[in-house]
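Each chain is listed here by its residues.
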Amino acid sequence: MLKFLHLSDLHLVRPGTVLHGLDPAEQLSLCVTDVLRKHADAAFCVVSGDLTHSGNAQAYEAARDHLSRMPMPVHLMMGNHDDRTVFQSVFPDAPRDGAGFVQHVIDVEIGRLVFMDTSEPGRAEGRLCRARLDWLRQRIEEAPDAPIFLFLHHPPFCAGLPRMDQIRLQDAGLLLEVLRPDLSRIRHLFVGHLHRAIAGSWHGVPFSGVRGTSHQIALDFTTQDVAPVSFETPGYGVVMASNDSVVVHFEEVDLLRV
């Protein structure tokens, strides 16, 4: 059984400022402390994008400092609020592909984990250009017998939240075309962006997403054009995966204990 963590949507801002009345860095610190107390034995942690709210270098430095407390490797991804160039200046060793996108794979005992970059500069919605789709196809073909675990910031599906659905991954159809020859071995899809604990399936592929480490998006199925913010307890995913199962526990940060 492989245990790993899924965090997302940190939205760190310049030190000394707040976002929606919260200090995202303080919220992240509480989350890391919660991880250290409960799940320090995890093999690794994935942070699926929106590390910062506006791509500020000081915010990335704060993310680096807080995440350095994690006792396990941390795999970082890009979201629509991130700036790829600034990120790379603070995290120069973060893996990139040949085109400069922040995406890579790791091979573990249960299969191949593929971390993709769906960020499009200046846009809230996610995109996968031909170069990124070709990269994905190549990474799948390199491991013809391995189960695939796919990580995206932007979900390729509608969640019923009007504004978030508008800014989901716009190239879901192209993604499906790339995955279709191997759809049966796509074991799980992990997403960020939604700031909600969510699970379901997309074209038969199970998916899950997690709450952000600071603010959340309200479970509001009617409001159009804006994404209403909520202040539910921050959370993250605790994934227990084996050759025959994938279980995602939605952990909440125990604010009274940390």
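Given the structure is predicted, the values throughout are model-derived calculations rather than measurements.

A.B. asks: What is the right way to read the packing of helix α4 (residues 130-142) against helix α6 (residues 172-179) from this model?
C.D. replies: Packed helix pairs are characterised by how far apart their axes lie and by the angle those axes make with each other. Interhelical geometry of α4 versus α6 gives an angle of 25° and a closest axis separation of 10 Å. With respect to α6, the element α4 is oriented roughly parallel. Here α4 runs over α6; the crossing is right-handed. When α4 is examined against α6, the residues R130, L133, L136, R137 and I140 are found in contact with a partner set consisting of L174, L175, V178 and L179. Classifying every residue of the contact of α4 with α6 by side-chain character gives seven nonpolar, no polar and two charged.

A.B. asks: Got a minute to help me understand the pairing of strand β13 (residues 246-252) in this structure?
C.D. replies: Of the strand pairs in this sheet, strand β12 (residues 235-241) and β13 are connected by seven bridges, and their pairing is antiparallel. Note that in β13 the partner of M240 across the bridge is V247. Between β12 and the antiparallel strand that follows it, β13, lie four residues.

A.B. asks: In this structure, what is going on with the sheet that holds strand β2 (residues 45-47)? I would like to understand it.
C.D. replies: Whenever strands of a sheet pair, they do so through backbone hydrogen bonds, lying parallel or antiparallel. Read across the sheet, five strands follow the order β3-β2-β1-β12-β13 without closing on themselves; strand pairing throughout is mixed. Strands with a single pairing partner mark the edges of an open sheet, and in this sheet they are β3 (74-76) and β13. Averaged over all adjacent pairs, the angle separating strand axes in this sheet is 25°, with direction ignored. Of the strand pairs in this sheet, β2 and β3 are connected by three bridges, and their pairing is parallel. When the bridges of β3 are listed, V47 appears paired with L76.

A.B. asks: Would you mind showing me how to read the sheet that holds strand β9 (residues 205-209) here?
C.D. replies: Taken in spatial order, the six strands of this open sheet run β4-β5-β6-β7-β9-β8, and their pairing is mixed. Each edge of the open sheet carries a strand with a single partner, namely β4 (104-108) and β8 (198-202). Strand-to-strand twist of the sheet, defined as the mean angle between neighbouring strand axes without regard to direction, takes the value 20°. Pairing of strand β6 (residues 148-152) with strand β7 (residues 186-191), which is carried by five bridges, proceeds in the parallel orientation. Along β7, the bridge assignment pairs L150 with L189. Contacting β4, β5 (111-115) and β6, α4 runs over the sheet at an angle of about 170° to β5. Sitting on the sheet, α6 touches β6, β7 and β8, and the angle it makes with β8 is about 65°.

Here is what the cut-offs are and how they apply
Every residue gets a number counted from 1 within its own chain, in the order that chain's sequence is written. Local features in this predicted model are restricted to residues of pLDDT 70 or higher, and side-chain atom pairs are both shown and tallied only at a pLDDT of 80 or more, whereas totals for entire chains, interfaces and linings draw on every residue. Working from all heavy atoms in the structure, the side-chain values ignore hydrogens and water. Convention adopted: a line fitted to C-alpha atoms gives each axis, helices being fitted over their contacting stretch, and angles between N-to-C directions are expressed from 0 to 180 degrees. Secondary structure is summarised from DSSP: a helix means a run of H or I of at least four residues, a strand means a run of E of at least two, and numbering begins at the N terminus for each. An angle below 35 degrees is read as roughly parallel, one above 145 as roughly antiparallel, one from 65 to 115 as roughly perpendicular, and any other as oblique. Each crossing gets its handedness from the near helix: less than a right angle anticlockwise from the far helix is left-handed, clockwise is right-handed. Contacts were defined at the residue level, with two residues in contact if any of their heavy atoms lie within 4.5 Å. Classes in brief: Ala, Val, Leu, Ile, Met, Phe, Trp, Tyr, Cys and Pro nonpolar; Asp, Glu, Lys and Arg charged; the others, Gly included, polar. Pairing between strands is defined by DSSP: at least two bridges between the two strands are required.

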